[in-house]
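Structural description and commentary
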Amino acid sequence: HKAADKTFFTHNPRIGFVYSPSSRTSAKILYGEAFRAPTIRESYSQAGSRVTNADLRPEKVRTFEIGGSLYPMTEIRTEASAYVNYVQDMIFLAGTTIHRAGRSASSYYTRFQNAGKAQVMGTELTAEAAPAAWTRFYVGYTYQQSKLFDVIDSTLLAHEDVPDETQKISDINICRTVLTNAR
């Protein structure tokens, strides 16, 4: 076991530009970076079929968004945006090459690993109306398409064929919930 004293140094810049040509319209462009450090469980827990991995790197995400809002009337607000999120060093529970002693030749330990990347692209539409002081209506719609790629262990994908270089998350089952919206 390695010492549990870990320190992560990261730079997480965020920048945004908002332009409002009138009191009823605005446009925005946003960029940001963030990270998620491995949890204690992901780094140090073990089980009969799982070994520790103190060498995990934090998951990193870069996000870009463009959008705008419009107030066609004082009581009604509409907004639309499109975004792209790119995640690297995703942490998955994945197979290893470490054989489980006393088991069949095809029995290997698993461990949490930095095992892949993901890209999430989407759009969001919202509308809000306040026809009276005592009531407010809201409707929203979000569509996103997520892709998992550069996976180091094909057993992460519940798929009988050899996985393509790019797999759509909606087409497969992943052993861990994938970050799908980092905004």
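Owing to the predicted nature of the structure, the values given are computational and were not obtained by experimental measurement.

Definitions and limits used
- Residues numbered from 1 in each chain as written.
- Predicted model: local features only at pLDDT ≥ 70, side-chain atom pairs only at ≥ 80, totals over all residues.
- Heavy atoms only, no water.
- Helix = DSSP H or I, 4+ residues; strand = E, 2+ residues; numbered from the N terminus.
- Buried < 20%, exposed > 50% of the residue type's maximum accessible area, 1.4 Å probe, protein only.
- Contact = heavy atoms within 4.5 Å.
- Pairing = 2+ DSSP bridges.
- Salt bridge = Lys/Arg side-chain N within 4 Å of Asp/Glu carboxyl O.
- Phe/Tyr/Trp six-rings, centres within 6.5 Å; stacked < 30°, edge-to-face > 60°.
- Patch = residues over 30% accessible without salt bridge, like charges linked within 9 Å, V, L, I, M, F, W, Y side chains within 5 Å.
- Areas by Shrake-Rupley, 256 points an atom, 1.4 Å probe, with all protein chains shown as cover.
- Polar contact = N/O pair within 3.5 Å; in protein donor to acceptor, adjacent residues only side chain to side chain.
- Core = buried A, V, L, I, M, F, W, Y, C linked by side-chain atoms within 4.5 Å.
- pLDDT = per-residue confidence, 0-100.

To continue, consider the overall build of the protein. Broken down by element type, the protein carries 1 helix and 7 strands. Reading the helices (α) and strands (β) of the protein from amino to carboxyl end gives β-β-α-β-β-β-β-β. Relative to its 183 residues, the protein shows a buried fraction of 28%. Contacts in the protein between residues far apart in sequence, at least 24 positions, make up 57% of those at least 6 positions apart.

A separate point is the pairing of strand β1 (residues 14-22). A regular strand carries its side chains on alternate faces of the sheet. β1 sits mainly on the outside: 0 of its 9 residues count as buried. Of the pairings in the sheet, the one linking β1 to strand β2 (residues 25-36) comprises 7 bridges and is antiparallel in character. Paired with serine 22 across the strands is threonine 25, a residue of β2. Between β1 and β2, which pair antiparallel and follow one another directly, the connecting turn spans 2 residues.

By the definition in use, this model includes 9 salt bridges. Between arginine 57 and aspartate 89 there is a salt bridge, and its shortest N-O distance comes to 2.9 Å. In this pair, arginine 57 sits in the loop between α1 (40-44) and β3 (59-73) while aspartate 89 sits in strand β4 (residues 76-99), placing the two residues 32 residues apart along the sequence. What makes arginine 57 partly exposed here is its relative accessible area of 43%. On the basis of relative accessibility, which here comes to 15%, the residue aspartate 89 falls in the buried class. Here glutamate 128 ties to arginine 77 by a salt bridge, and the two come within 2.8 Å at their closest N and O atoms. Placement of glutamate 128 in strand β5 (residues 108-132) and of arginine 77 in strand β4 is noted, with a sequence separation of 51 residues between them. Across the pair, exposure class does not vary: glutamate 128 and arginine 77 are buried alike.

All right, on to the packing of aromatic side chains then. Evaluation of the coordinates by the stated rule reveals 1 aromatic pair. With a centroid separation of 6.0 Å and an interplanar angle of 35 degrees, the aromatic rings of tyrosine 86 and phenylalanine 149 are classed as tilted. With a gap of 63 residues between them, tyrosine 86 in strand β4 and phenylalanine 149 in strand β6 (residues 135-149) connect regions that are remote in the sequence. A relative accessible area of 17% places phenylalanine 149 in the buried class.

Time to look at a nonpolar patch on the surface. Taken together, Phe17, Tyr19, Ile29, Phe64 and Ile66 make up a surface patch of nonpolar side chains, about 510 Å² in accessible area. Structurally, the position occupied by phenylalanine 64 is in strand β3.

Time to look at the pairing of β6. Where β5 and β6 come together, 14 bridges link them in antiparallel fashion. Looking at β6, one finds that alanine 118 is bridged to leucine 148. Hairpin remark: β5 followed by β6, antiparallel, with 2 residues in the connecting loop.

Turning our eyes to something else, we now look at the side chain of glutamine 113. On the secondary structure map, glutamine 113 appears in strand β5. At 3.3 Å, the side chain of glutamine 113 forms a polar contact with the backbone oxygen of alanine 94. Filtering out sequence-adjacent residues up to four positions away, glutamine 113 remains in contact with Asn53, Leu56, Met90, Ile91, Phe92, Ala94, Gly95, Thr96 and Ile152.

Turning to the nonpolar core, a few remarks are in order. Grouped together as the largest cluster of nonpolar side chains are 7 residues: Val61, Val87, Met90, Phe92, Ala115, Ala118 and Leu148. When residues of this core are traced back to their parent elements, those giving at least two are β4 and β5. Per-element tally for this core: the top contributor is β4, with 3 residues.

Before going further, it helps to examine the confidence of the model for the protein. Averaged over every residue, the pLDDT of the protein is 82; the share at 70 or more is 80%. Considering only residues more than four positions removed or in separate chains, one finds that residues 165-183, a stretch of pLDDT under 50, has 56 contacts.

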